[in-house]
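Tertiary structure, described
Given next are the chains, with one letter for each unit.
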Amino acid sequence: MKNHRPIAKGRKILSSLRDIHGVKERIFTFVCQIYFMHTAVGTDILQAANFLKSGELVAIPTETVYGLAANGFDPIAVAKIFEVKNRPTFDPLILHVGSFKMLRELTADVPAIAHELAKIFWPGPLTFILNKSDKVPSIVTSGLETVGVRMPNHPSTIAMLQSLPFPLAAPSANLFGAVSPTTARHVVQQLGSKIPFVLDGGPCDVGVESTIVDLTGKHAVLLRKGGIAPEEIARITGDLEIKTSGTSNPKAPGMLISHYAPGKRLSVGDVKRIAANNKNKKVFVLGFRNTAGFPGKVLSESGDLREAAKNLFAHLRELDESDCDLIIAERVPDEGLGLAINDRLQRASS
Ligand code: TXA
Ligand code: MG
């Protein structure tokens, strides 16, 4: 792994100089970029925390997917996320917290229903949309008066969050619109050399992003299907409106119809029928329990939706790297985590 002592030394010298118009910041970033021709991967949370404290980006493990994290109180650090990901700035970011104390700093008010849900599902794959406090920079929320917040369930990331005096703004650590990463290696494949450090926490347990619920209105509204099934949330909230389908739903701009897309063409539906219509193409199948005799990958032979979610993005990536012309993905049962899997497949399809 790369020796970080020179960087620490440089940081020390720079911190003794007066900063004029952010020049110091720019010098530091420039030196880091030259120095880190390759992204370092490691398990040291102190090292990761030091980069974050200096305004650098670090990819972090969570139970859902890897996130591309920055100090959520530092607009310049957050701007780097948009730059590195090629993400349009109209797409707001989620803030990650390690404590309820931090949650209270970020929000104007925490409604009782958020407490109820957090008691059951946090730390875990559930993001709340709440009214934001003045401490949250507008670049994080793309100018919205609301902010997305969640407490991720990963031991390294939680430990690091609890040691930091700021929340971590973190979208999934992939280029905008591309397949989300579920291992440190996936992150390096897409963002290698663009960021100094990936905190390796092993493969993600859940494999699809968090469920997002908007708690700012009279009743709860589900904006993105994810790691926690809508019926589990509705059990606590009672009324739960589901609003995940719009092409240009301004409440969740990241829920664009085309997202999570591999580079290859992907069709979703009846495998045999689609294959019959594409006889001249080399077809690989992403099947639920089998591949219907075609070459490809299986999400879960035993039909376990948890296992399927965990494998989804890694398998999609592998098929994308193969020499096929067309990926055909089979829909999985529309229940529990299957709802999120089908949602991602639909958005990934071309
Ligand atoms: O599991 C996850 O949520 C992962 C891990 C890293 O935590 N993060 C993630 O972030 O999926 P990202 O940026 O890929 O997706 C965040 C989604 C976007 O669709 C965005 O539009 C929506 O959250 N969002 C963020 N803030 C919002 C707000 N104030 N109102 C409505 N939607 C919001
Ligand atoms: Mg994403």
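This section reports on the structure supplied with the text. (Residues numbered from 1 in each chain as written. Chains lettered and ligands numbered in written order. Predicted model: local features only at pLDDT ≥ 70, side-chain atom pairs only at ≥ 80, totals over all residues. Heavy atoms only, no water.)

**Some thoughts on the pattern of salt bridges**
Pairs may arise between side chains of opposite charge once their charged atoms sit close together. For the record, the criterion: The term salt bridge refers to a pairing of a side-chain nitrogen on Lys or Arg with a carboxyl oxygen on Asp or Glu at a separation within 4 Å. Under the DSSP-based scheme used, a helix requires at least four consecutive residues in state H or I and a strand at least two consecutive residues in state E, with every element numbered from the N terminus. Here the term buried applies to any residue with accessible area under 20% of the maximum for its type, exposed to any over 50%, and partly exposed to those in between, with areas from a 1.4 Å probe on protein chains only.
A full pass over the atoms with the stated rule returns 12 salt bridges. A salt bridge links Lys 119 to Glu 116; the shortest N-O distance between them is 3.7 Å. Taken together, the residues Lys 119 and Glu 116, both in helix α6 (residues 112-121) and 3 residues apart, mark about one turn of the helix. Overall, Glu 116 belongs to the partly exposed group, its relative accessible area being 38%. The network of salt bridges with common partners includes Glu 209, Asp 343, Arg 344 and Arg 347.

**A word on the packing of helix α3 (residues 45-53) against helix α8 (residues 155-163)**
Going by this rule: An axis is simply a line fitted to the C-alpha atoms; with a helix, the fit covers only the stretch in contact. Between two such axes, the angle follows the N-to-C directions and lies from 0 to 180 degrees. For classification, angles of less than 35 degrees are called roughly parallel, those exceeding 145 degrees roughly antiparallel, those between 65 and 115 degrees roughly perpendicular, and all remaining angles oblique. Left-handed describes a crossing in which the near helix is turned anticlockwise from the far one by less than a right angle; the clockwise case is right-handed. The criterion used for residue contact is that any of the two residues' heavy atoms lie within 4.5 Å. Side-chain classes are defined by residue name, with Ala, Val, Leu, Ile, Met, Phe, Trp, Tyr, Cys and Pro counting as nonpolar, Asp, Glu, Lys and Arg as charged, and the others, Gly among them, as polar.
Relative to each other, α3 and α8 sit at 50 degrees, their axes nearing to 10 Å. Considered as vectors, α3 and α8 are oriented oblique to each other. The interaxial crossing formed by α3 with α8 has right-handed handedness. Across the interface between the two elements, Ile 45, Ala 48, Ala 49 and Leu 52 of α3 pack against Ser 156, Ala 159 and Met 160 of α8. Taken together, the residues of the contact of α3 with α8 sort by class into 6 nonpolar, 1 polar and no charged.

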